[in-house]
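If you want the building blocks of each chain, they are given just below.
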Amino acid sequence: MKATTTITAQPGTTASRTPRQEGIVKEAIGLTDVKTLRARARQGIEDGAMTAGYKAKAETVIKLLNDALATEIVCVLRYKRHYFMATGISSLSVKGEFLQHATEEQVHADQLAERIVQLGGAPNLSPEGMLSRSHSEYVEGESLVEMITEDLIAERIAIDSYREMVTYVGTDDPTTRKVLEGILAQEEEHAEDLASLLKELGPQAHSHDSNR
Ligand SMILES: [Fe+2]
Ligand SMILES: [Fe+2]
């Protein structure tokens, strides 16, 4: 004989609330009720990740991200130049650092471009005006110390501008903020690396400079 099973409803806590009560609870803690969320998501579906709940000024955020993108690309180019041009015994470890930074700046550029697209914008990768859109400069430098110094200055500029962008975005766009904060943390590491390289090279490098 086949056993029969009886399914009994579990006395749940939320299940016992009416949709109206649910709405009141959500409203009390500042959340949007399910009905409104669902209705909003259906509107402007072609906007992809951009929903009606997006609070920041997308146009401004896209502009800021594009300026940061130009900065990253200029940084990639400067680090690549330094990587290929660094010579001398003390350049061996420094070259590795330059190359690693170049690779990481490229990852930052890609993250920014990705976010720009998610926000409904287009990444500006045009070489025209790249340097004037960039926050940091492209300085080639002659000696190893000059190269590292210029890179450190560029990193310090990037740190300040990312910090300002994080403050501007605030809580209006948590995803962009997370991207910016991740990049900011890595720029701080870069600056730290360069500062210790400068210290290591210190006296030896300066005597080299004075011989030029
Ligand atoms: Fe970067
Ligand atoms: Fe960096």
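Residues numbered from 1 in each chain as written. Chains lettered and ligands numbered in written order. Predicted model: local features only at pLDDT ≥ 70, side-chain atom pairs only at ≥ 80, totals over all residues. Heavy atoms only, no water.

**Examining the coordination of the iron ion (ligand 2)**
The coordination sphere of the iron ion (ligand 2) contains the protein donors Glu105 (OE), Glu155 (OE), Glu155 (OE), Glu187 (OE) and His190 (ND1), at a distance range of 2.0 to 2.3 Å. If you list the donors of the iron ion (ligand 2) from N- to C-terminus, the spacing comes out as E-x49-E-x31-E-x2-H. Separation of the iron ion (ligand 2) from the iron ion (ligand 1) amounts to 3.9 Å, with Glu105 serving as a shared donor to the pair. With Glu105 in helix 4 (residues 91-118) and His190 in helix 7 (residues 174-210), this residue pair connects regions lying 85 residues apart in the sequence. Glu105 gets classed as buried once you look at its relative accessible area, which sits at 0%. Assessed through its relative accessible area of 1%, His190 is described here as buried. (Donors = N, O, S within 2.8 Å, 3.2 Å for Na, K, Ca; no water. Helix = DSSP H or I, 4+ residues; strand = E, 2+ residues; numbered from the N terminus. Buried < 20%, exposed > 50% of the residue type's maximum accessible area, 1.4 Å probe, protein only.)

**Remarks on the coordination of the iron ion (ligand 1)**
By definition of the ideal shapes, four donors in a tetrahedron about a metal sit 109.5 degrees apart, and six donors in an octahedron sit 90 or 180 degrees apart. Here the iron ion (ligand 1) is held by the protein donor atoms Glu72 (OE), Glu72 (OE), Glu105 (OE), His108 (ND1) and Glu187 (OE), which lie 1.9 to 2.4 Å from it. In terms of primary sequence, the donors binding the iron ion (ligand 1) are separated according to E-x32-E-x2-H-x78-E.

**With respect to the packing of helix 3 (residues 58-85) against helix 6 (residues 144-169)**
The geometry of helix 3 relative to helix 6 is characterised by a closest axis approach of 11 Å and an angle of 165 degrees between their N-to-C directions. By the angle between their axes, helix 3 is roughly antiparallel relative to helix 6. Considering the relative orientation of helix 3 and helix 6, their crossing is left-handed. Two secondary-structure elements touch here, helix 3 through Thr60, Val61, Leu64, Ala68, Glu72, Arg78, Tyr79, His82 and Met85 and helix 6 through Met147, Asp151, Ala154, Glu155, Tyr162, Met165 and Tyr168. (Axes fitted to C-alpha atoms, helices over the stretch in contact; angles between N-to-C directions. Parallel < 35°, antiparallel > 145°, perpendicular 65-115°, else oblique. Left-handed = near helix turned anticlockwise from the far one by under 90°. Contact = heavy atoms within 4.5 Å.)

**Points about the side chain of Arg133**
Inspection of the secondary structure puts Arg133 in helix 5 (residues 130-133). No salt bridge is formed by the buried Arg133; the nearest opposite charge belongs to Asp67, separated by 5.3 Å. Engagement of the side chain of Arg133 in a polar contact is seen with the backbone oxygen of Glu128, the distance being 3.0 Å. When near neighbours in sequence (up to four residues on either side) are disregarded, Arg133 contacts Asp67, Ala70, Asn124, Ser126 and Glu128. (Lys, Arg positive; Asp, Glu negative; His and termini not counted. Salt bridge = Lys/Arg side-chain N within 4 Å of Asp/Glu carboxyl O. Polar contact = N/O pair within 3.5 Å; in protein donor to acceptor, adjacent residues only side chain to side chain.)

**Here's the deal with the nonpolar core**
Membership of the largest hydrophobic core comes to 39 residues, with the highest contact counts inside it found for Phe98, Leu144, Ile148, Tyr162 and Leu180. Sorting the residues of this core by element identifies helix 3, helix 4, helix 6 and helix 7 as the ones contributing at least two each. Residues in contact with Leu180, not counting those within four places in the same chain, are Leu65, Leu112, Tyr162, Met165, Val166 and Val169. (Core = buried A, V, L, I, M, F, W, Y, C linked by side-chain atoms within 4.5 Å.)

**Some remarks on the pattern of salt bridges**
A complete count under the given rule lists seven salt bridges for this structure. For Arg177, the salt bridge identified is with Glu181, shortest N-O distance 2.9 Å. Separated by four residues within a single helix, Arg177 and Glu181 lie in helix 7, roughly one turn from each other. Accessibility expressed as a relative area gives 34% for Glu181, which makes it partly exposed.

**Digging into helix 6**
In an α-helix, one turn spans 3.6 residues, which is why side chains three or four residues apart end up on the same side. If you check helix 6, its first and last C-alpha atoms are 37 Å apart, about what 26 residues at 1.5 Å a residue would give, namely 38 Å. Directly beyond the C-terminal end of helix 6, a positive phi value near 50 degrees is found at Gly170. (Expected span 1.5 Å × (residues − 1).)

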